[in-house]
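A look at the structure
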Amino acid sequence: MLRALVATGATSVVLATVLSAPAFADPPVGDWAKLRNCESGGNYQINTGNGYYGAYQFSQGTWASVGGAGRPDLAVPAEQDYRALYLYRMRGWQPWTCAGIEGLSEDSDAASGRVPTYAESAYIGGGSPSPPPPAAPKPASTDFNGDGHSDAAVFRPTTGVWYVRGLPAVQFGQRGDLPVARDFTGDGRADLTVFRSGVWYVRGAAAVPFGQADDVPVAANFTGDARADIAVYRRSSAVWYVRGAAPMPYGRRGDVPVAADFTGGGQADFAVWRPSTGVWYVQGRPAVQFGQRGDVPVARDFTGDGLADMALFRPSTGTWYVRGFAPVVFGQAGDVPVAGDADGNGRADVSVYRPSTGMWYIRGYAPFLYGLRRDKPITTKGGS
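Just so we're clear, the structure is a prediction, and the values are computed from it rather than from any experiment. (Residues numbered from 1 in each chain as written. Predicted model: local features only at pLDDT ≥ 70, side-chain atom pairs only at ≥ 80, totals over all residues. Heavy atoms only, no water.)

1. Re the confidence of the model for the chain
- On average, the chain scores 86 in pLDDT, and the residues at 70 or more come to 88%.
- In this model, residues 1-24 is a region of pLDDT below 50 whose contacts with residues beyond four sequence positions or in other chains number 49 contacts.
- pLDDT under 50 marks residues 127-140. Its contacts with residues more than four places away, or in other chains, come to 22 contacts. (pLDDT = per-residue confidence, 0-100. Contact = heavy atoms within 4.5 Å.)

2. Observations concerning the sheet that holds strand β10 (residues 239-242)
- Taken together, the four strands give an open sheet; going across it, the order is β8-β9-β10-β11, and neighbouring strands pair in antiparallel fashion. The sheet terminates laterally at β8 (216-217) and β11 (248-249), the two strands that pair on one side only.
- Two elements, strand β9 (residues 231-234) and β10, share four bridges in a ladder whose sense is antiparallel. Following the sheet pairing, Arg234 is matched in β10 by Val239. (Pairing = 2+ DSSP bridges. Helix = DSSP H or I, 4+ residues; strand = E, 2+ residues; numbered from the N terminus.)

3. Side note on the layout of surface pockets
- Each pocket or cavity is described by its volume, and for the second largest pocket that value is around 530 Å³.
- Lining the second largest pocket are 22 residues, with Phe184, Ala228, Asp229, Ile230 and Arg243 positioned closest to its centre.
- With four residues, helix α4 (residues 77-91) is the single largest residue contributor to the lining of the second largest pocket. (1 Å grid on protein atoms, 1.4 Å probe; cavity = no way out; pocket = protein on both sides within 12 Å on 5 of 7 lines; lining within 4 Å. Points joined across faces, edges and corners; volume = space filled by probe spheres on them.)

4. Digging into the sheet that holds strand β6 (residues 199-202)
- The strand order across the open sheet formed by four strands is β4-β5-β6-β7, and the pairing between neighbours is antiparallel. Unpaired on one side and paired on the other, β4 (178-179) and β7 (208-209) mark the two borders of the sheet.
- In this structure, strand β5 (residues 193-196) lies alongside β6, joined through four bridges in antiparallel fashion. Bridged to Phe195 within β6 is Trp200.

5. Topic: helix α2 (residues 29-40)
- Between the first and last C-alpha of α2 there are 16 Å, a value that for twelve residues agrees with the 16 Å anticipated at 1.5 Å per step.
- Among the residues making up α2, those that are buried are Asp31, Trp32, Leu35, Arg36, Glu39 and Ser40. Take α2 and look down its axis: the buried residues cluster within an arc of 135°, on one side only.
- In this fold, the buried residues of α2 make contact with α4 and α5 (97-101).
- A positive phi of about 70° marks Gly41, the residue just after α2. (Expected span 1.5 Å × (residues − 1). Buried < 20%, exposed > 50% of the residue type's maximum accessible area, 1.4 Å probe, protein only. Arc of directions from axis to C-beta.)

Structure follows, in C-alpha cells:
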C-alpha cells in the first residue's frame, strides 16, 4: 500500500535510473537468418530423420536443455526462435557448426546465462509472424483463489497442514518441509508446494527431484512466461539452478537470494543481498549499498511501477526501509515480514506476521488472528 510514502521528483529520477533496464546486445536479425539458411534452408518444419529438427537443427536433448517441449520441428517459429536465443545466451554460437561457416561473431550476451523473454526473441522474426508475447505477470503473491489479492496463509510444520484464510485446510507435506507458494501452472493461483530434501512436491503434479537438501528454494518466473520456475540457490557454492536452464554462478557464500524483477524485463533477475555489508547485487546492474547486518531483505513492488523495490525489514526496531522513501515503523522484534498485496492494487503492503501470537498486521487494516504459535506464514519469499 505505502500511500504515505511520497517520493520527491529527484528521488524518483534516481530510483528510475538505478532500476532501469540494463543494456545488453543480441545478434542482429541478419545473423539469425544466415544461421537458419545454413542449418536448414530456413525451414522450420524440416525433419530429415538425422536426429536434428527445425530451423535451428536442434537435437532433442539440446532442445530439452533450454526448456523446449515436444519435438523442435513441431513447434511454431516463434518458439524455435525463442529457444535458439535461449541456447545462444547459455552457450553462445558454439552449438552451431554453421555459425563458424558463416563467420558469425558473438556479443556481450553470448553465454551470459541470462534467460530471455519471448518479447526479447520476437525481433528474430523467423519466417512467420510471432504470436504476441505473454502478458507481463502480476507481482508474485500468495493468491490461492485467483481473485488478485494475497491471502493470509500458514503452514503447520507439526502436521503438514496448510491453512488459507477463507479456504478449507489441506494436508500436504510433513515435518521438515519448506513451504513454497507460487503459481507453477499459469492459472493465476498459487499452488501448494513443498521442498523436501532436494525434491519438489506441487499439489496435483508429479514430484520433481531438483536440488539438494541444503539448497534454498527460489521459485520465481525466470523466463517471462507467467509461470514460476522450479529453482534453487546453492549456498555452499553461490550457484543458481533453474530447471531447464544452465547453472548460473552469482553471489558468494553467505549471500541471501532475492530473485525478483528489478529491471522491468518481465522476468526475475538473479540477485542477492549480502548481510555482511548490506549490499544488493542484481545481475547486470551496479551494486547498491542499502541495509545493515540483521536486516531482512524484502524484494517487492511497493510502488506499482512493475519493478521490484529494494526493501528491508529491521527486526530490532520494527522498521521498514524501501529505497528512495522515508522509513516506516511497523512491527516489532520477532515479526516476519510478509509484504503481500492484500487489496489487489498491484502494490505490496507493509505487513508482518507475529509468530508468538499468530496475529497478522497489515498497514491500513485491522489486525487479525490466523495461525498458531510456530506456524510458518506463507510469504512472498516462499515461507523461508
